[in-house]
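Structural characterization, general
The lines below spell out each chain.
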Amino acid sequence: MEQSSEIIIFFGRFHPLLLHLPIGFLVLGFLMELLSRKEQFAYLKPAIGFVLGLGAISALGTAILGLMLAQAGDYGEDLLFIHQWAGILLVLFAFGSWWFYAQKQKKSDLKLQRAYLGSLVLMMLFLGVAGHYGGSLTHGSNYLTQYMPNGLKKLAGIPVEEKGPKLIENLDEAVVYTDIIHPIMEIRCNSCHNADKKKGDLQMHTREALMKGGENGPVFTAGNAAESEMIKRIHLDPNHDDHMPPKGKSQLSDEQVLLLEWWINEGAPFDKKVAELEADQEVQTVLLTLTDPNANKTAVEILLAEGTTAPDQEKLNAYVQEGIAIKPLSNDTNWLQVTLYKKDPVDEILGRLVADFPEQITWLDVKDTPLTDEGLAAIGRFKHLTRLRAEKTSITDAGLAHLKNLEYLESLNIYGTEVGNEGLDHLAELPNLRRLYAWDTQVSREGAARLKEGSAQLDINLGYEVEVIDSLTVKVLPVANQE
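The structure displayed is predicted, hence computed values, not measured ones. (Residues numbered from 1 in each chain as written. Predicted model: local features only at pLDDT ≥ 70, side-chain atom pairs only at ≥ 80, totals over all residues. Heavy atoms only, no water.)

Our focus in this paragraph is the overall build of the chain. In terms of regular secondary structure, the chain is built from 19 helices and 9 strands. The 483 residues of the chain split such that 39% are buried. In the chain, of all internal contacts separated by at least 6 residues, the share reaching a separation of at least 24 is 57%. When the accessible surface of the chain is summed, it comes to about 27000 Å², and 55% of that surface belongs to carbon and sulfur atoms. (Helix = DSSP H or I, 4+ residues; strand = E, 2+ residues; numbered from the N terminus. Buried < 20%, exposed > 50% of the residue type's maximum accessible area, 1.4 Å probe, protein only. Contact = heavy atoms within 4.5 Å. Areas by Shrake-Rupley, 256 points an atom, 1.4 Å probe, with all protein chains shown as cover.)

See below:
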């Protein structure tokens, strides 16, 4: 019996594959009937019966497959009942329209004509009902209005919902399940496990449904996330049949998984607040993003995410036509990256670029070019510069003084230059500098250690790893070059 049921459901899975056939045929037949009443489209009349026949037969096959699919029990009974009967009535009126069309071709009768037109209208009515409720079963009952513009919602009298994640104002007072866990399930799980659709006989839209579990039993084991079915499925290979969410659906982020595991390990409480549960540093770090999305981001990450004004496209095209490598960081950003080469008059080009794009250039590569301190003066005016590669150039300690106002500079490469400890002193004022590549320069271990003392997050690569053990001692270990 179980094997027979699986075969039925197997064939039922072809229902979504075929359902567009009858929709296309029946709508086409209806339109052809309307158009053929005009003289210029009279040539369509002989084909109407053929199209309606194809529509009726494909509708019957689709309905049979739909009834098979319903045996899986994955859908809400109320919506499924309406969808099923609308589909059955659609099939009946599709065959009725086809039959009436054939009969009226044999004899001209006013009653047949009226029956035919009435059958066509009812066929289209049930086609719309079946399609709407089928969409509700698949995408949720609000699928038509979910992404409706707010202006249209107001005109239609539909409540306007706040889009995007709702930030928590008071984290300690937030109820863990209501304010943190349920919203995660709402956007990642409930599209398949809700009141209208219950894959695996599991619903997750309410706490009662979640506690009830599905056909495989409880979805979580309070106090033990590792042994919880829900967590096990989340960690399966994405290609595994039991991986959740299924392949093709939006997946849970690492932070969302961490919060689910934390909630379950803390006993899966439904009424406790954040302040009442134990949370390690990793969980606390993620929780902070629920009050401020930028809580754990660096100033550079925030800057790049916020974006900048659009560059002048005409000027940008002029540089490209000149042969200068300047382009956006990605297709959906206004940030620019520039690469200059040994053949380019670097100092002169930088002077022009800073005049045209002082805010948009954030990555600059001028390695192994005739760059001088004059060019560094121009570079120092790119207010949003985050990465600079200036290795194997003629820059000096004095030139680095021009970079001291680059508050977003995060990565700097001065390998193979004459820069020494005095130049490093200018870099001490850069608040976001995280990576400095300075091997094969005049920078000493002591100078690097002194700069590193002022910024614990700064990684200096001299071709050696420099670690300050105390104020007098420097430990040096060889490491591989990073760029």
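This paragraph deals with the layout of surface pockets. Here the second largest pocket defines a volume of roughly 200 Å³. Considering the residues around the second largest pocket, the lining is formed by 13 residues, among which W363, L364, D365, R387 and R389 are closest to the centre. Among the elements of the structure, β2 (336-339), β3 (361-365), β4 (387-389) and β6 (435-437) are those that each provide at least two residues to the lining of the second largest pocket. A class-by-class count of the residues in the lining of the second largest pocket yields 5 nonpolar, 3 polar and 5 charged. (1 Å grid on protein atoms, 1.4 Å probe; cavity = no way out; pocket = protein on both sides within 12 Å on 5 of 7 lines; lining within 4 Å. Points joined across faces, edges and corners; volume = space filled by probe spheres on them. Nonpolar A, V, L, I, M, F, W, Y, C, P; charged D, E, K, R; others polar.)

So, about the side chain of T417. The residue T417 is located in the loop between β5 (411-413) and α18 (421-427) in this model. In this view, T417 contacts A390, E391, K392, T393, I395, D440, T441 and Q442; residues no more than four positions away in its chain are not counted.

Further remarks concern the nonpolar core. With 44 residues, the main nonpolar core has L350, L353, I379, L388 and L436 as its most contacted residues. Where this core is concerned, the elements lending two or more residues are α14 (313-322), β2, α15 (346-356), β3, α16 (373-379), α18 and α19 (445-453). The element best represented in this core is α15, accounting for 5 residues. Here I379 is in contact with L350, L364, V366, L371, L385, L388, L403 and L406, once residues within four sequence places are set aside. Core analysis: the second largest hydrophobic core is formed by 34 residues, I180, C189, W262 and V286 among them. (Core = buried A, V, L, I, M, F, W, Y, C linked by side-chain atoms within 4.5 Å.)

For the structure shown, the criterion picks out 15 salt bridges. Across the pair E173 and K273 runs a salt bridge whose closest N-O atoms are separated by 2.7 Å. Remark: K273 occurs in the loop between α11 (254-265) and α12 (281-288) and E173 occurs in the loop between α7 (150-156) and α8 (176-188); sequence separation between them is 100 residues. Where D271 meets R207, a salt bridge forms, and the shortest distance between an N and an O atom there is 3.1 Å. Here D271 is found in the loop between α11 and α12, whereas its partner R207 is found in helix α9 (residues 207-212), with 64 residues between them in sequence. Residue D271 is classed as exposed on the basis of its relative accessible area, which comes to 59%. (Salt bridge = Lys/Arg side-chain N within 4 Å of Asp/Glu carboxyl O.)

Further remarks concern the environment of N294. The topology assignment puts N294 in the loop between α12 and α13 (299-306). A sequence separation of 11 residues divides N294 from A305, and the C-alpha atoms of the two residues are 9.9 Å apart.

This next bit is on the pairing of β2. Relative to β2, strand β1 (residues 325-328) is paired through 4 bridges, and the arrangement is antiparallel. Its bridge partner being in β2, P328 is matched across the sheet by L336. A crossover connection joins β2 to the parallel β3 through α15; in handedness this β-α-β unit is right-handed. (Pairing = 2+ DSSP bridges. Right-handed = clockwise from strand over helix to strand, strands pointing away.)

Glancing now at the packing of aromatic side chains. Under the defined criterion, the tally for this structure stands at 14 aromatic pairs. Plain terms: the ring middles of F41 and Y43 are 6.5 Å apart, the flat faces sit at 50° to each other, and that makes the pair tilted. For Y43, a relative accessible area of 58% corresponds to the exposed category. An aromatic cluster is present here, built from Y177, F220, W263 and F270 joined pairwise through their rings. (Phe/Tyr/Trp six-rings, centres within 6.5 Å; stacked < 30°, edge-to-face > 60°.)

In this structure's numbering, the residues bearing the UniProt feature "transmembrane region" (unreviewed entry) are residues 17-35, 47-70, 82-102 and 114-134. Segment residues 82-102 splits into 100% helix and 0% strand. End C-alpha atoms: 30 Å apart. Counted over residues 114-134, helix gives 100% and strand 0%. Its end C-alpha atoms are 30 Å apart. (UniProt positions renumbered as here; feature names shortened; annotations may be inferred.)

A word on helix α6 (residues 110-139). With 30 residues, α6 should reach 44 Å at 1.5 Å per residue; the first-to-last C-alpha distance of 43 Å fits that figure. For α6, the set of buried residues is L112, Y116, S119, L120, M123, F126, L127, A130, G134, G135, S136 and L137. Contact partners of the buried residues in α6: α3 (20-35), α4 (45-70) and α5 (77-106). N-capping of α6 is provided by D109, with a side-chain oxygen placed 2.8 Å from the backbone N of K111. (Expected span 1.5 Å × (residues − 1). Polar contact = N/O pair within 3.5 Å; in protein donor to acceptor, adjacent residues only side chain to side chain.)

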